[in-house]
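# Architecture and fold: a report
For reference, the chains in residue letters:
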Amino acid sequence: MQSSKSAGRSARAWLAGASDALVSVFFPAGCRICEQILMRASRVPICEQCLSSFEAPAERKCEVCGQPLGRWALTDGDSLVCRACQQKVYAFHRARSYGIYDGPLVKAILLLKWERMEPLGRWFAERLADIVRGEGEILAADVVVPVPLHHDRERQRGFNQAGLISRPLARRLGLPHKSMLLMRTRPRPNKQVLSLEERWESVRGAFATRPGSQVDNKRVLLVDDVMTTGATLDACARALLESGAKSVSGLTVARAARNPLPPPDSGNL
Ligand SMILES: [Zn+2]
Ligand SMILES: [Zn+2]
């Protein structure tokens, strides 16, 4: 009697332990992007094909902001610099991204943003850490800071998606992570699509360092999910530099393939 009871217990324990494997045998999971059946268990529910499609093909990029440039791009002397950076539009020192904001990468970022998919945040952080190491001095930093959400938005969502990337990134780089250093003092306008002018206007002066934050003479690595116009990274960089940061570099998972020039007056804020 006793032995059959313990056999039952160990069978139940075995079943509990193997339940993940059983579930994946009987109900194979599909890739959350292309819905193809996943062939191996992974904490990131995205297939290998989709993951490997994220990285942007090697092409000519602006040395300052990382904007992909066509063959026809004008150069500034010997260096490859986009029109915005020739006009010194951005307050950040350099910006780099992992992939182009297009196709499967758009879906992946939406999963991160709306489903709080933390393993995907860690997966992106690994790729961004490789970029930081590969760029050497260009992205060298003393502290990692996520682009903040306005507190109403963060309360509503329950988390800041940039933090899902910046925290594991800081850990990988062995740098302090300061999620409270910067704050968004003005919310994003309640409008789905913003024009280029509205985008720049909506972030102008919308960020500030928290009183008492120690940023003096620090090189800041600013992290976000997407760089669209560069206006947000620019506004954050201005707030950090005003508070005494030595330099600010931007690092995002994705960036828009085209980066239209900002309105003429936004370069001199
Ligand atoms: Zn897939
Ligand atoms: Zn540029």
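Conventions we followed
- The residue numbers shown here count from 1 along each chain, following its written sequence.
- Ligands are numbered from 1 and chains lettered from A, in the order in which they are written.
- With pLDDT at 70 or above as the cut-off, local features in this predicted model cover only qualifying residues; side-chain atom pairs require 80 or more to be listed or tallied, and sums for whole chains, interfaces and linings still use all residues.
- Hydrogens and waters are ignored; side-chain quantities use all the structure's heavy atoms.
- Distances decide who is a donor: an N, O or S atom must be within 2.8 Å of the metal, or within 3.2 Å for Na, K and Ca. Water is not included, so sites may look incomplete.
- Labels for metal geometry use angle windows, namely 85 to 135 degrees for all angles of a four-donor tetrahedral site, and for square planar (four donors) or octahedral (six donors) sites opposite donors over 155 degrees apart plus all others within 65 to 115; sites meeting none of these are irregular.
- Any residue under 20% of the maximum accessible area for its type is buried, any over 50% is exposed, and the rest in between are partly exposed; the area is computed with a 1.4 Å probe on protein chains only.
- Going along the chain from the N terminus, every DSSP run of H or I of four or more residues is numbered as a helix, and every run of E of two or more is numbered as a strand.
- One requirement defines pairing of two strands: DSSP has to find at least two bridges between them.
- Starting at the helix axis, one direction is taken to each C-beta atom, and the arc is that of these directions.
- Pairs of residues are marked as contacts when any of their non-hydrogen atoms sit within 4.5 Å.
- Think of a nonpolar core as a cluster: buried Ala, Val, Leu, Ile, Met, Phe, Trp, Tyr and Cys residues, connected wherever their side-chain atoms sit within 4.5 Å.
- By the criterion applied in these results, polar contacts are pairs of N or O atoms within 3.5 Å in which, for protein atoms, one can donate a hydrogen and the other can accept it, and in which residues neighboring in sequence qualify only through two side-chain atoms.
- To pair, rings of Phe, Tyr and Trp, with the six-membered ring standing in for Trp, must have centres within 6.5 Å; the planes then decide the type, stacked if under 30 degrees apart, edge-to-face if over 60, and tilted in the middle.
- In this description, a line fitted to the C-alpha atoms serves as the axis of each element, helices being fitted only across the stretch in contact, and the angle between N-to-C directions of two axes falls anywhere from 0 to 180 degrees.

## Quick notes on the coordination of the zinc ion (ligand 2)
On the protein side, the zinc ion (ligand 2) has Cys62 (SG), Cys65 (SG), Cys82 (SG) and Cys85 (SG) as donor atoms, found 2.3 to 2.4 Å from it. For the zinc ion (ligand 2), the 4 donor atoms in the first shell make angles of 104 to 115° at the metal, a pattern classed as tetrahedral. Counting residues between consecutive donors of the zinc ion (ligand 2) along the chain gives the motif C-x2-C-x16-C-x2-C. Accessibility assignment for this pair places Cys82 and Cys85 in one class, buried.

## Regarding the coordination of the zinc ion (ligand 1)
Within the first shell, the zinc ion (ligand 1) binds the protein through Cys31 (SG), Cys34 (SG), Cys47 (SG) and Cys50 (SG), at distances of 2.3 Å. Counting along the primary sequence, the residues that act as donors to the zinc ion (ligand 1) give the motif C-x2-C-x12-C-x2-C. Taken as a pair, Cys31 in the loop between α1 (2–26) and α2 (48–52) and Cys47 in the loop between α1 and α2 lie far apart in primary sequence, 16 residues in all. When its relative accessible area of 2% is taken as the criterion, Cys31 is described as buried.

## Quick word on the pairing of strand β2 (residues 143–146)
Neither face of β2 is open: one carries Val143 and Val145, the other Val144 and Pro146, and all of them are buried. Pairing of β2 with strand β5 (residues 219–227), which is carried by 4 bridges, proceeds in the parallel orientation. Considered in β5, the bridge of Val143 is made with Val220.

## Brief notes about helix α8 (residues 196–203)
Within the span of α8, buried status applies to Trp200, Ser202 and Val203. An end-on view of α8 places all buried positions within 165° of arc, on one side of the element. Next to the buried residues of α8 lie β3 (182–184), β4 (207–209) and α9 (231–242). Once α8 finishes, Gly205 follows within two positions and takes phi at roughly 65°, a positive value.

## Some details on the nonpolar core
Formed by 38 residues in total, the largest nonpolar core has its most connected members in Ile46, Phe54, Leu120, Phe124, Leu169 and Val253. Listing elements by their share of this core, those giving two or more residues are α2, α4 (103–115), α5 (118–135), α7 (161–173), β5 and β6 (247–255). With 7 residues, α5 is the largest single contributor of residues to this core. When sequence neighbours within four positions are dropped, the list of residues in contact with Phe54 reads Ile33, Ile46, Tyr98, Gly99, Ile100, Pro104, Leu105, Ala108, Trp123 and Phe124. Membership of the second largest hydrophobic core comes to 35 residues, among which are Cys65, Ala95, Phe207 and Ala239.

## A closer look at the side chain of His177
Tracing the backbone through its elements, the reader meets His177 in the loop between α7 and β3. Note on His177: relative accessible area 18%, which makes it buried. Within polar-contact distance, the side chain of His177 engages the backbone nitrogen of Arg167 at 3.4 Å. Leaving out residues up to four positions away in the same chain, His177 has contacts with Val144, Pro146, Ser166, Arg167 and Ala170.

## Thoughts on unusual backbone geometry
For Glu35, which is not glycine, the phi torsion reads 70° and is therefore positive. Tracing the chain through its elements places Glu35 in the loop between α1 and α2. Among the residues examined, Glu35 registers a relative accessible area of 66% and is labelled exposed. Unlike most non-glycine residues, Asn217 shows phi in positive territory, near 65°.

## Some words on the packing of aromatic side chains
Tallied over the entire structure, the rule returns 7 aromatic pairs. Considering the side-chain rings of Tyr90 and Trp200, the 6.4 Å spacing of their centres and the 15° angle between planes classify their relative orientation as stacked. Within this pair, whereas Tyr90 is found in the loop between α3 (83–86) and β1 (94–100), its partner Trp200 is found in helix α8, the two being separated by 110 residues in sequence. In this structure Tyr90 comes out as buried when scored by relative accessible area, which is 9%.

## Considering the sheet that holds β6
Ordered by their spatial adjacency, 4 strands build an open sheet running β1-β6-β5-β2, and the pairing between neighbours is parallel. This sheet does not close on itself; its edge strands, each paired only once, are β1 and β2. Recorded for the sheet is a direction-independent mean angle of 20° between the axes of neighbouring strands. As defined by bridge partners, β5 adjoins β6 across 8 bridges and the pair is classed as parallel. Note that in β6 the partner of Leu222 across the bridge is Gly250. α4 contacts β1, β5 and β6 of the sheet and is inclined by roughly 110° relative to β6. Against the sheet, α7 contacts β2, β5 and β6, and its axis sits at roughly 140° relative to β5.

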